[in-house]
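Summary of structural features
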Amino acid sequence: MIKPDLPLVAKAHVDRAITGTGPLLLVRDELTFDVADQALQERAVRAVVVRSGTQLPDHARKMLQESGKVLVLSDEPLDRLRDGGQYQVDASGLVDLERLAVPVTAICSHLNEENEALYKAWNVRDVGYFRLKFCLFQLLATEPGAYQDPHRLETAFTERLRQLVAQGWRRVRIVLSDPTSGELRQLGLAVDAEDNPELGVRGPRAAELWWPEINAIRTVAAEAPDIQIQVSVPFVSNIDEFAAVVAMFNKAGLRKRVELGLTVEVPAMVYALPTLLERHRPGFVAVGTSDLFALVNGVDRSHKALRVDPYSDVNRRIVEDICATAAAHDVPFLVCGELRKDPMIARELVRSGCGELIAAASVLEIARMNRAAAGCSREVTR
């Protein structure tokens with residue numbers, strides 16, 4: 001058995017002569033010593049795919065094994081593999097990264113060059129969840145006084161968003177910040193203490209604090225007209241709160257340029273969602289399971305002795321209900337948090353109409369979501 005580093009991503013190479021740089025997936029009808037030698041001679045070749053059922057010369061197979069090259073036996077006709085097409089090679093076979101049922105998008109608020117390169121190598125072209133809260137925390141860690149300076153906040157947010165769109169993503173979904181008073185106090189800010197910060201004044205309950213973020217989004221949206229920009233409103237607890245944010249985006253002149261949606265994290269919104277969807281027709285619904293499950297289960301998510309099982313029947317049923325409501329109103333939806341990391345649940349989400357699967361900047365996580373988005377494969381890696 002060949003046990004190389006998996007998963008990996010490579011471009012299919014069907015032509016006889018190898019050109020270009022790797023990593024490459026060498027496509028051949030059968031494994032021969034010539035094919036094995038070609039794979040060994042070309043450092044760019046990471047894997048070889050041949051038709052299942054063909055004879056495998058034992059020593060040709062071992063040549064690949066000892067060199068760490070992957071051998072894939074495909075039950076599918078090889079003419080379906082496109083020359084130059086991008087494929088994931090994993091323990092279950094091949095995934096065509098350009099023909100997924102739904103896109104896999106990035107959930108990462110620190111898109112440095114390394115993370116950007118990782119995503120794009122795996123054909124991730126959209127940012128599914130970019131949290132301005134994390135950008136805020138990075139700023140306040142070194143400049144706590146910036147929190148009381150709207151101009152400094154707007155400048156910092158504008159800079160971060162410019163860096164984001166300059167990376168050439170097709171679509172970015174920006175999540176407005178919703179820091180709790182507890183988090184701000186941990187950063188050294190002199191804000192009023194609350195008995196239960198998770199349920200206190202945060203997000204749309206202090207919507208006026210979002211103007212620096214909205215102004216930054218307006219600036220960058222004007223500078224990058226070709227990039228689709230979506231904005232998610234977090235921690236919405238009633239319809240009026242969402243309506244107030246819609247009014248803010250209208251006032252900023254952004255409603256036609258930016259697609260506005262919301263993240264469902266407060267249990268009350270599970271019941272209010274049908275009416276909200278009918279009245280305001282948001283561009284999407286995201287399910288924020290971390291906050292949602294903590295509130296539904298009555299658990300302080302920061303408590304060392306307490307935990308929430310994201311896979312419990314109750315939690316899964318709540319997510320299913322939200323997704324069904326969004327689907328019934330023909331509104332795209334996605335799921336954030338631990339629940340969506342399970343490949344089986346991710347596949348169920350896709351089958352229920354989930355419009356995308358989000359993945360952190362991790363090869364294994366991206367590969368799991370690609371496999372879930374592709375469905376089951378009949379190919380076997382040996």
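Attention here is on the structure that accompanies the text. (Residues numbered from 1 in each chain as written. Predicted model: local features only at pLDDT ≥ 70, side-chain atom pairs only at ≥ 80, totals over all residues. Heavy atoms only, no water.)

1. Description of the overall build of the protein
- The helix and strand tally for the protein stands at 13 helices and 15 strands.
- Its C-alpha atoms give the protein principal-axis dimensions of roughly 75 × 45 × 40 Å.
- Counting only residues that meet the buried cut, the protein has 52% of its 382 residues in that class.
- About 17,800 Å² of surface is accessible on the protein, with carbon and sulfur atoms providing 48% of the total.
- One finds the centroid of the 46 positive side-chain charges in the protein at a distance of 2 Å from the centroid of its 52 negative side-chain charges. (Helix = DSSP H or I, 4+ residues; strand = E, 2+ residues; numbered from the N terminus. Buried < 20%, exposed > 50% of the residue type's maximum accessible area, 1.4 Å probe, protein only. Areas by Shrake-Rupley, 256 points an atom, 1.4 Å probe, with all protein chains shown as cover. Lys, Arg positive; Asp, Glu negative; His and termini not counted. Charge placed at Lys NZ, Arg CZ, Asp CG, Glu CD.)

2. Considerations on the packing of helix H9 (residues 267-280) against helix H11 (residues 313-328)
- Taken N-terminus to C-terminus, the directions of H9 and H11 make an angle of 10 degrees; their axes are 10 Å apart at the nearest point. Here H9 is positioned roughly parallel relative to H11, judged by the angle of their axes. Counting all contacts with H9, which are made through Val270, Leu273, Pro274 and Leu277, the residues of H11 involved are Ile318, Ile322, Thr325 and Ala326.
- Its residues assigned to classes, the contact of H9 with H11 shows seven nonpolar, one polar and no charged. (Axes fitted to C-alpha atoms, helices over the stretch in contact; angles between N-to-C directions. Parallel < 35°, antiparallel > 145°, perpendicular 65-115°, else oblique. Contact = heavy atoms within 4.5 Å. Nonpolar A, V, L, I, M, F, W, Y, C, P; charged D, E, K, R; others polar.)

3. Topic: the packing of aromatic side chains
- A complete count under the given rule lists one aromatic pair for this structure.
- Judged by centre distance (6.3 Å) and plane angle (75 degrees), the rings of Tyr119 and Trp169 are edge-to-face. Of this pair, Tyr119 sits in helix H3 (residues 113-121) while Trp169 sits in the loop between helix H5 (150-166) and strand S9 (171-175), and the two are 50 residues apart along the sequence.
- In this structure Tyr119 comes out as buried when scored by relative accessible area, which is 0%.
- The positively charged end of Lys120 is found above the aromatic ring belonging to Trp169, 4.9 Å away from the centroid.
- Directly above the ring of Phe235 sits Arg202, whose terminal nitrogen or CZ lies 3.8 Å from the centroid. (Phe/Tyr/Trp six-rings, centres within 6.5 Å; stacked < 30°, edge-to-face > 60°. Lys NZ or Arg CZ within 6 Å of the ring centre and 35° of its normal.)

4. Observations concerning helix H13 (residues 363-374)
- With twelve residues, H13 should cover 16 Å at 1.5 Å per step; its first-to-last C-alpha distance of 16 Å lies within 8% of that length.
- Where H13 is buried, its residues contact strand S5 (86-90), strand S6 (93-96), strand S7 (104-107), H3, helix H12 (343-351) and strand S14 (357-359).
- After H13 finishes, the residue Gly375 shows a positive phi value of roughly 80 degrees. (Expected span 1.5 Å × (residues − 1).)

5. Some points on the sheet that holds strand S8 (residues 126-131)
- In spatial order, the strands read S13-S12-S11-S10-S9-S8-S7-S14; together these eight strands make up an open sheet with parallel pairing. Each edge of the open sheet is held by one strand with a lone partner, namely strand S13 (333-336) and S14. Geometrically, the sheet is characterised by an average inter-axis angle of 25 degrees between neighbouring strands, direction not taken into account.
- Of the strand pairs in this sheet, S7 and S14 are connected by three bridges, and their pairing is parallel. Bridging from a neighbouring strand, Val104 pairs with Leu357 of S14. (Pairing = 2+ DSSP bridges.)

6. Structural notes on the environment of Val70
- Position of Val70 among the secondary structure elements: in strand S4 (residues 70-74).
- Using a relative accessible area of 0% as the deciding quantity, one classes Val70 as buried.
- Linking Val70 and Pro144, residues 74 residues apart in sequence, is a C-alpha distance of 51 Å.

7. A short note on the state of the cysteines
- Going through the model one piece at a time under the given rule, you end up with zero disulfides.
- Not part of a disulfide, Cys323 finds its nearest cysteine sulfur in Cys354, a span of 6.4 Å.
- The class for Cys323 is buried, based on a relative accessible area of 3%.
- Here Cys336 stays unpaired: no disulfide links it, and the sulfur of Cys354, its closest cysteine neighbor, is 9.3 Å away.
- A residue is classified by how much of its surface remains accessible, and Cys336, at 3% relative accessible area, is buried. (Disulfide = S-S within 2.5 Å.)

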